[in-house]
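Overview (structure and organization)
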Amino acid sequence: FTGNDPWYHFRQVQYSVENGLATMPYDIWTGFAAGSDSGQFGTLFDQLIAAAALIVGLGDPSTQQIATVTAFAPAIFASLVAIPTFFIARRFGGNAVGVVAAAILALLPGLFLQRGTIGSADHNVAEPLFLSFAVLGFLIVFAVAERERPVWEQLFESDVKGLRSVLGWSVLAGVAMASYMYLWPPGVFL
């Protein structure tokens, strides 16, 4: 691991693996000797890695398997950011712009690249992924609403057929936003 935070998340992942994907509610090693609530940082990031470790370890992963999955997770999260980046950029400029945006993301040096390397297990690399999916979800909802033009009367008349597309995409966008906020609670500012 490349620093202090990966070790913290490794402990969070171990706890989640051993406790049915629950997050550690209180961490004595954070703010030692009194400890502190770990709610802001022991979230969906650790649970996703724990779920992957459980899959890799066939339900009972070893400490080495948990450490390996935790070490590789940032590179996977960082790679996945290219997907919503492509679709967001494509929405505004077409396929070529989407490809260029994903290429720039992949090749641009800086903190994103640094945090997206193997061994740098920190929630900061998952934030852009979930933020991008939330933004993409809302862009899709706005496009569907612009195309479908829903009105309040449809809701009051229970026009499920007419609202199905708008409501379905709205729920998915809401889930994407909620996932982002569960991963990073200050994401509420989005």
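Everything quoted here is computed from the prediction, not taken from an experiment.

Considering the overall build of the chain
When helices and strands are tallied, the chain shows nine helices and two strands. The C-alpha extent of the chain, read off along each of the three principal axes, is 60 × 40 × 35 Å. For the chain, the residues scored as buried account for 37% of the 190 residues in total. Within the chain, residue pairs in contact and separated by at least 24 positions form 63% of the contacts whose partners lie at least 6 positions apart. Here the chain has roughly 10800 Å² of accessible surface; of this, 68% comes from carbon and sulfur atoms. Between the averaged position of the 8 positive side-chain charges in the chain and that of its 13 negative side-chain charges there is a distance of 14 Å.

Considerations on the nonpolar core
Membership of the largest hydrophobic core comes to 25 residues, with the highest contact counts inside it found for F45, I49, F77 and F130. If you list the elements that add at least two residues to this core, you get helix 1 (4–18), helix 2 (44–56), helix 3 (63–80), helix 7 (126–148) and helix 9 (160–183). No other element matches helix 3, which puts six residues into this core. Setting aside residues no more than four positions away along its own chain, F77 makes contact with F45, L48, I49, V125, A126, L129 and F130.

Some points on the pattern of salt bridges
In this structure the tally under the stated criterion is two salt bridges. Measuring nitrogen to oxygen at the nearest pair gives 3.2 Å for the salt bridge that ties R115 to D122. Here D122 falls in the buried class, since its relative accessible area comes to 3%. E148 is the partner of R147 in a salt bridge, and the nearest nitrogen-oxygen pair spans 3.4 Å. Exposure remark for R147: the relative accessible area of 55% places this residue in the exposed category. Residue E148 is classed as partly exposed on the basis of its relative accessible area of 35%.

Some points on the layout of surface pockets
Taken as a whole, the largest pocket encloses approximately 180 Å³ of empty space. Taken together, L48, I49, A52, V69, F72, A73, I76, F77, L80, L129 and F130 make up the lining of the largest pocket. Mapped onto the lining of the largest pocket, the elements with two or more residues apiece are helix 2, helix 3 and helix 7. A per-class count over the lining of the largest pocket returns eleven nonpolar, no polar and no charged.

A word on helix 7
Taking 1.5 Å of rise per residue, 23 residues should cover 33 Å, and helix 7 covers 33 Å from first to last C-alpha, within 8% of that figure. Looking at helix 7, one finds that the buried residues are A126, E127, L129, F130, S132, A134, L136, G137, L139, V141 and V144. Looking at the buried residues of helix 7, the elements they touch are helix 2, helix 3, helix 4 (82–93) and helix 9. Downstream of helix 7 by a residue or two, R149 has a phi angle that is positive, lying close to 50°.

Remarks on the packing of helix 1 against helix 3
Closest axis-to-axis distance for the helix 1/helix 3 pair is 10 Å, and the angle between their directions is 125°. Classified by the angle their axes make, helix 1 and helix 3 are oblique. The two elements helix 1 and helix 3 meet at a crossing, and its hand is right-handed. When helix 1 is examined against helix 3, the residues F10, V13, Q14 and V17 are found in contact with a partner set consisting of T63, I66, A67 and T70. Of the residues in the contact of helix 1 with helix 3, the class split is five nonpolar, three polar and no charged.

Each value, and the rule that gives it
- Residues numbered from 1 in each chain as written.
- Predicted model: local features only at pLDDT ≥ 70, side-chain atom pairs only at ≥ 80, totals over all residues.
- Heavy atoms only, no water.
- Helix = DSSP H or I, 4+ residues; strand = E, 2+ residues; numbered from the N terminus.
- Buried < 20%, exposed > 50% of the residue type's maximum accessible area, 1.4 Å probe, protein only.
- Contact = heavy atoms within 4.5 Å.
- Areas by Shrake-Rupley, 256 points an atom, 1.4 Å probe, with all protein chains shown as cover.
- Lys, Arg positive; Asp, Glu negative; His and termini not counted.
- Charge placed at Lys NZ, Arg CZ, Asp CG, Glu CD.
- Core = buried A, V, L, I, M, F, W, Y, C linked by side-chain atoms within 4.5 Å.
- Salt bridge = Lys/Arg side-chain N within 4 Å of Asp/Glu carboxyl O.
- 1 Å grid on protein atoms, 1.4 Å probe; cavity = no way out; pocket = protein on both sides within 12 Å on 5 of 7 lines; lining within 4 Å.
- Points joined across faces, edges and corners; volume = space filled by probe spheres on them.
- Nonpolar A, V, L, I, M, F, W, Y, C, P; charged D, E, K, R; others polar.
- Expected span 1.5 Å × (residues − 1).
- Axes fitted to C-alpha atoms, helices over the stretch in contact; angles between N-to-C directions.
- Parallel < 35°, antiparallel > 145°, perpendicular 65-115°, else oblique.
- Left-handed = near helix turned anticlockwise from the far one by under 90°.

Purely spatial values, then, with no claim about function.
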